[in-house]
Amino acid sequence: GDSVTQMEGPVTLSEEAFLTINCTYTATGYPSLFWYVQYPGEGLQLLLKATKADDKGSNKGFEATYRKETTSFHLEKGSVQVSDSAVYFCALEDYKLSFGAGTTVTVRA
Amino acid sequence: GAVVSQHPSRVICKSGTSVKIECRSLDFQATTMFWYRQFPKQSLMLMATSNEGSKATYEQGVEKDKFLINHASLTLSTLTVTSAHPEDSSFYICSANPRPGDSAHEQYFGPGTRLTVT
């Protein structure tokens, strides 16, 4: 079945550092891909999405490009802030959402 | 934006007892709600889809007699873990679609409930 693999955390960074979280997927078709973010004490929120190959999703300074050739959807942000500390989930959608294991990111001031 | 709440946020129960977790959509009506389970360092796993006024649809491998789901109103779904055992300890998350026919990714998620069975 469809699945998502993302890099294990935790990831600890200093403010203004560059963040990359790797995500690869396995799917029989051409799923839509997503990144969700979960801030402490809150529910998962959709961060960005891409629905077809070469699409780039972006939001709040985060970006991810749907790469069909490498079956990847890596999340990047050029300069993180303390407020970006959260758990990040990569996901794909067929009739339901399939999630990666989540990556905990901590940004230190 | 749409808000989904869960109660309780944490619960500890003894082995053999049952525990109920509530999921509420606070500012919208949800004909469909979803229940997920997350093990430490693992992904969220869809357990079941809860439909208002009808039986829940369970994913393969999920025991429907173990995890009872009731969606009695358009704003409330409950998950009851019956005769809980330590292996049921997990993080349970619910979500809901604000509109009928919404795609799966348009769900709004609750903050989760940590269940510990001793």
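Residues numbered from 1 in each chain as written. Chains lettered and ligands numbered in written order. Predicted model: local features only at pLDDT ≥ 70, side-chain atom pairs only at ≥ 80, totals over all residues. Heavy atoms only, no water.

Colleague: Requested: an account of unusual backbone geometry, with residues and values cited.
Modeller: In terms of backbone geometry, most residues other than glycine have negative phi values and most peptide bonds are trans. Here the amide bond leading from Gly9 of chain A into Pro10 of chain A is cis, since omega sits at -5 degrees, within 30 degrees of zero. As for its position among the elements, Pro10 of chain A is in the loop between β1 (3–6) and β2 (11–14). The residue after His7 of chain B, namely Pro8 of chain B, is reached through a cis peptide bond having omega 0 degrees. Secondary-structure assignment places Pro8 of chain B in the loop between β1 (4–7) and β2 (10–13). A positive phi angle, close to 75 degrees, is found at Asp54 of chain A, a residue other than glycine. Taking the relative accessible area as the measure of exposure, Asp54 of chain A reaches 56% and is therefore exposed. Positive phi values are uncommon outside glycine, yet Ser83 of chain B reaches one of about 45 degrees. One can find Ser83 of chain B in the loop between β8 (76–81) and β9 (90–96). Look at Ser83 of chain B and you get partly exposed, because its relative accessible area is 34%. (Helix = DSSP H or I, 4+ residues; strand = E, 2+ residues; numbered from the N terminus. Buried < 20%, exposed > 50% of the residue type's maximum accessible area, 1.4 Å probe, protein only.)

Colleague: Requested: an account of the sheet that holds strand β9 (residues 75–77) of chain A, with residues and values cited.
Modeller: Sheet strands pair by backbone hydrogen bonding; their relative direction is either parallel or antiparallel. Residue and element names in this part refer to chain A. The strand order across the open sheet formed by 4 strands is β3-β9-β8-β7, and the pairing between neighbours is antiparallel. Of all strands in the sheet, those with a lone pairing partner are β3 (19–21) and β7 (56–59), marking the two edges. When strand polarity is set aside, the average angle formed by the axes of neighbouring strands in this sheet is 15 degrees. Pairing analysis gives 3 bridges linking β3 to β9, with the strands arranged antiparallel. Each bridged residue has a counterpart across the sheet, and for Leu19 the counterpart in β9 is Lys77. (Pairing = 2+ DSSP bridges. Axes fitted to C-alpha atoms, helices over the stretch in contact; angles between N-to-C directions.)

Colleague: Quick rundown of the sheet that holds β8 of chain B? Include the residues and the values.
Modeller: Residues and elements named next belong to chain B. Overall, antiparallel pairing links the 4 strands, which are arranged β1-β3-β8-β7 in an open sheet. Of all strands in the sheet, those bounded by a partner on one side alone are β1 and β7 (67–73). Across the sheet, the axes of successive neighbouring strands diverge by a mean angle of 20 degrees, strand direction being ignored. Of the pairings in the sheet, the one linking β7 to β8 comprises 5 bridges and is antiparallel in character. Within the sheet, the bridge partner assigned to Ser73 lies in β8 and is Leu76.

Colleague: Which residues make up the packing of aromatic side chains, and what values do they have?
Modeller: The relation between two aromatic rings is expressed through the spacing of the ring centres and the mutual angle of the planes. Within this structure, the stated rule accounts for 11 aromatic pairs over all chains. Ring centres 5.9 Å apart and planes at 75 degrees place the aromatic pair Tyr25 of chain A and Tyr66 of chain A in the edge-to-face group. Of this pair, Tyr25 of chain A sits in strand β4 (residues 23–26) while Tyr66 of chain A sits in the loop between β8 (62–65) and β9, placing them 41 residues apart in sequence. Tyr66 of chain A carries the same exposure label as Tyr25 of chain A, and that label is buried. Measuring from centroid to centroid gives 6.0 Å for Phe99 of chain A and Phe109 of chain B, while their planes differ by 80 degrees, and the two rings are edge-to-face. (Phe/Tyr/Trp six-rings, centres within 6.5 Å; stacked < 30°, edge-to-face > 60°.)

Colleague: Kindly report on the pattern of salt bridges, identifying the contributing residues and their values.
Modeller: For the coordinates displayed, the defined rule picks out 6 salt bridges over all chains. One salt bridge connects Lys77 of chain A with Asp84 of chain A, and the closest N-O pair in it is separated by 2.8 Å. As far as burial versus exposure is concerned, Lys77 of chain A and Asp84 of chain A are alike and both buried. Across the salt bridge formed by Lys96 of chain A and Glu59 of chain B, the nearest N and O atoms sit 3.0 Å from each other. Placement of the pair is Lys96 of chain A in the loop between β10 (86–93) and β11 (97–99) and Glu59 of chain B in the loop between β6 (57–58) and β7, with the two residues belonging to separate chains. Given the relative accessible area of 24%, Lys96 of chain A is considered partly exposed. On the basis of relative accessibility, which here comes to 14%, the residue Glu59 of chain B falls in the buried class. (Salt bridge = Lys/Arg side-chain N within 4 Å of Asp/Glu carboxyl O.)

Colleague: Now, about the side chain of His71 of chain B: what can you tell me, with residues and values included?
Modeller: Residue and element names in this part refer to chain B. When you line up the elements, His71 lands in strand β7. On the basis of relative accessibility, which here comes to 5%, the residue His71 falls in the buried class. A distance of 3.4 Å separates a polar side-chain atom of His71 from the backbone nitrogen of Glu52. (Polar contact = N/O pair within 3.5 Å; in protein donor to acceptor, adjacent residues only side chain to side chain.)

None of the figures reported here should be taken as evidence of function without further support.
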